[in-house]
Structures are given as C-alpha cells and as structure tokens.
Amino acid sequence: DGGPQDRGGRRVAVDASHPPDRPISQMTTVLALHIGGASVHAAVSVGGRIDVLALGDSRADLPAPAPTDGPGLVRILTTAQARCVRVVDAVPDELIVVRPDVGADDATLGEAASRARVPVPVVLDELRAVAALAAHGPAGIDRSLAPALGGLFWHRSGDAPTGPKP
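None of these values were measured; they are calculated from a predicted model.

Cut-off values and rules
- Residues numbered from 1 in each chain as written.
- Predicted model: local features only at pLDDT ≥ 70, side-chain atom pairs only at ≥ 80, totals over all residues.
- Heavy atoms only, no water.
- Helix = DSSP H or I, 4+ residues; strand = E, 2+ residues; numbered from the N terminus.
- Buried < 20%, exposed > 50% of the residue type's maximum accessible area, 1.4 Å probe, protein only.
- Contact = heavy atoms within 4.5 Å.
- Areas by Shrake-Rupley, 256 points an atom, 1.4 Å probe, with all protein chains shown as cover.
- Core = buried A, V, L, I, M, F, W, Y, C linked by side-chain atoms within 4.5 Å.
- Salt bridge = Lys/Arg side-chain N within 4 Å of Asp/Glu carboxyl O.
- Axes fitted to C-alpha atoms, helices over the stretch in contact; angles between N-to-C directions.
- Parallel < 35°, antiparallel > 145°, perpendicular 65-115°, else oblique.
- Left-handed = near helix turned anticlockwise from the far one by under 90°.
- Nonpolar A, V, L, I, M, F, W, Y, C, P; charged D, E, K, R; others polar.

Visitor: Hey, could you run me through the overall build of the protein chain in this one?
Guide: Scanning the protein chain for helices and strands turns up four helices and eight strands. Traced from its N-terminal end to its C-terminal end, the protein chain shows the element sequence β-β-β-β-β-β-α-β-α-β-α-α. Residues counted as buried form 47% of the 166 residues belonging to the protein chain. Across the protein chain, contacts joining residues at least 24 apart in sequence account for 61% of those joining residues at least 6 apart. Working note: accessible area of the protein chain is about 8,400 Å², and carbon and sulfur atoms make up 53% of it.

Here's what the structure looks like:
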C-alpha cells in the first residue's frame, strides 16, 4: 500500500515511489538526519518550514559514529532531538534517517532509536534523498547538507520522477 510497515519495531517505506502514506499535519515537526561516512547533518521541518539544524553550538555537523557503534548512534539521536527542542522549540513527531548504502543497518538504528527514546525512524537511502531534493527543492544547496534536506523534501513530495525531463 506504500505506507509505513512495522518490521521488527522499525518503520520503513516499502514502496520506492512514495513516502510513508499518512496525512501530514501543518504543525508536524519532522527531523531528518544524514548519518554519512564522516559526519552527521540535520534539517528540520516545523509546520512546513524547512531549516538546517546546527548540531553543535559552533558547527553544523557532528562526527559520524561507526555504522556498528550503537552507543554512538544513541548519542547522535539524543543530541539531534535536544538541539531540535532547544533551537526550534519543537519535539520531533517524526524522524527520517538518511544513510549511505554502507551505513548503519536497520536493527542497529532501531535499537539506537529505542534507547534514545526518539520516534521510530523511517530509513531512507542517501541517493533517494538527494534525488528528491534535486526534483523538488531549491538549487545550489551545499553538498554536505543535501541528503538531510533531501530527506525532508522526500517526506513532503515523494521520490523524484524517473525518466527524461519533458
């Protein structure tokens, strides 16, 4: 049905052409984290407005934990949620984790989310997020921020259309 499916406590998008099928409230807060190979970036959508979320007081990113570092992932998730509350004064209703193909596996992310007491994440492939940003978002976005921002544009508008542009 294209909607979120519960697989071992994890929400995943089962249809590659649609984001999770549910109504999106105008006041929904969605936190998107890109857990890359070297760094973690975040973006947040509050009531439809999308912003980059600085994960530290003096920098936009944090060092990425190893894909199998459960405690490191818990630290990233709790830090991102705390920054969301502190900076935009909103608790995330939904969480999107954008990761490369060789990133943390679903079981590790699910366990980390449970321990961090954050929403069960929707896990999105990095290429799908960047493609959604290219299709639905503004041009000229810094490459390091593109996957996190792309996760929010995917959430809002779905996957990028396939095939040649008209």
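And the narrative resumes.
Visitor: Is there a simple way to explain the nonpolar core in this structure?
Guide: Grouped burial of nonpolar side chains is what soluble globular proteins tend to show. Core analysis: the largest hydrophobic core is formed by 25 residues, its most contacted members being Leu33, Val40, Leu77, Leu95 and Leu109. At the level of secondary structure, the elements contributing two or more residues to this core comprise β3 (29-35), β4 (39-46), α1 (70-88), β7 (94-99) and α2 (106-116). Formed by 17 residues, the second largest nonpolar core is a distinct cluster that contains Ala129, Ala146, Leu149 and Phe153.

Visitor: What am I meant to see in the pattern of salt bridges here?
Guide: Opposite charge on two side chains permits pairing when their charged atoms draw close. Under the criterion given, the structure shown has seven salt bridges. Across the salt bridge formed by Arg49 and Asp51, the nearest N and O atoms sit 2.8 Å from each other. For Arg49, a relative accessible area of 57% translates into the label exposed. Judged by its relative accessible area of 26%, Asp51 falls in the partly exposed class. For the salt bridge of Asp61 with Arg59, the shortest nitrogen-to-oxygen distance reads 3.0 Å. Each of the salt bridges in this network shares a partner with another, and the network as a whole consists of Asp57, Arg83 and Arg86.

Visitor: How do you make sense of unusual backbone geometry when you look at a structure like this?
Guide: Only a minority of non-glycine residues have a phi that is not negative, and only a minority of peptide bonds are not trans. The backbone phi angle of Asp89 is positive, close to 55°, even though this residue is not glycine. By the element assignment, Asp89 lies in the loop between α1 and β7. For Arg117, which is not glycine, the phi torsion reads 60° and is therefore positive. Inspection of the secondary structure assignment puts Arg117 in the loop between α2 and β8 (122-125). A relative accessible area of 72% places Arg117 in the exposed class.

Visitor: How should I be thinking about the environment of Ala148 in this particular structure?
Guide: Position of Ala148 among the secondary structure elements: in helix α4 (residues 146-157). Here the alpha-carbon distance between Ala148 and Ala42, two residues 106 residues apart in the chain, equals 5.5 Å. Setting aside chain neighbours within four positions, we find Ala148 in contact with Ala32, His34, His41, Ala42 and Ala43.

Visitor: Help me out: how do you make sense of the packing of α1 against α2 in this one?
Guide: A pair of packed helices can be characterised by two numbers: the angle between their axes and the separation between those axes. In contact at an axis separation of 8 Å, α1 and α2 are set at 55° when each is read in the N-to-C sense. With respect to their mutual orientation, α1 and α2 come out oblique. Like other packed secondary-structure pairs, α1 and α2 cross with a definite hand, here right-handed. Mapping the contact onto sequence places Gly70, Leu73, Val74, Leu77 and Thr78 in α1 and Thr108, Leu109, Ala112, Ala113, Arg115 and Ala116 in α2. A breakdown of the residues in the contact of α1 with α2 according to their chemical character gives seven nonpolar, three polar and one charged.

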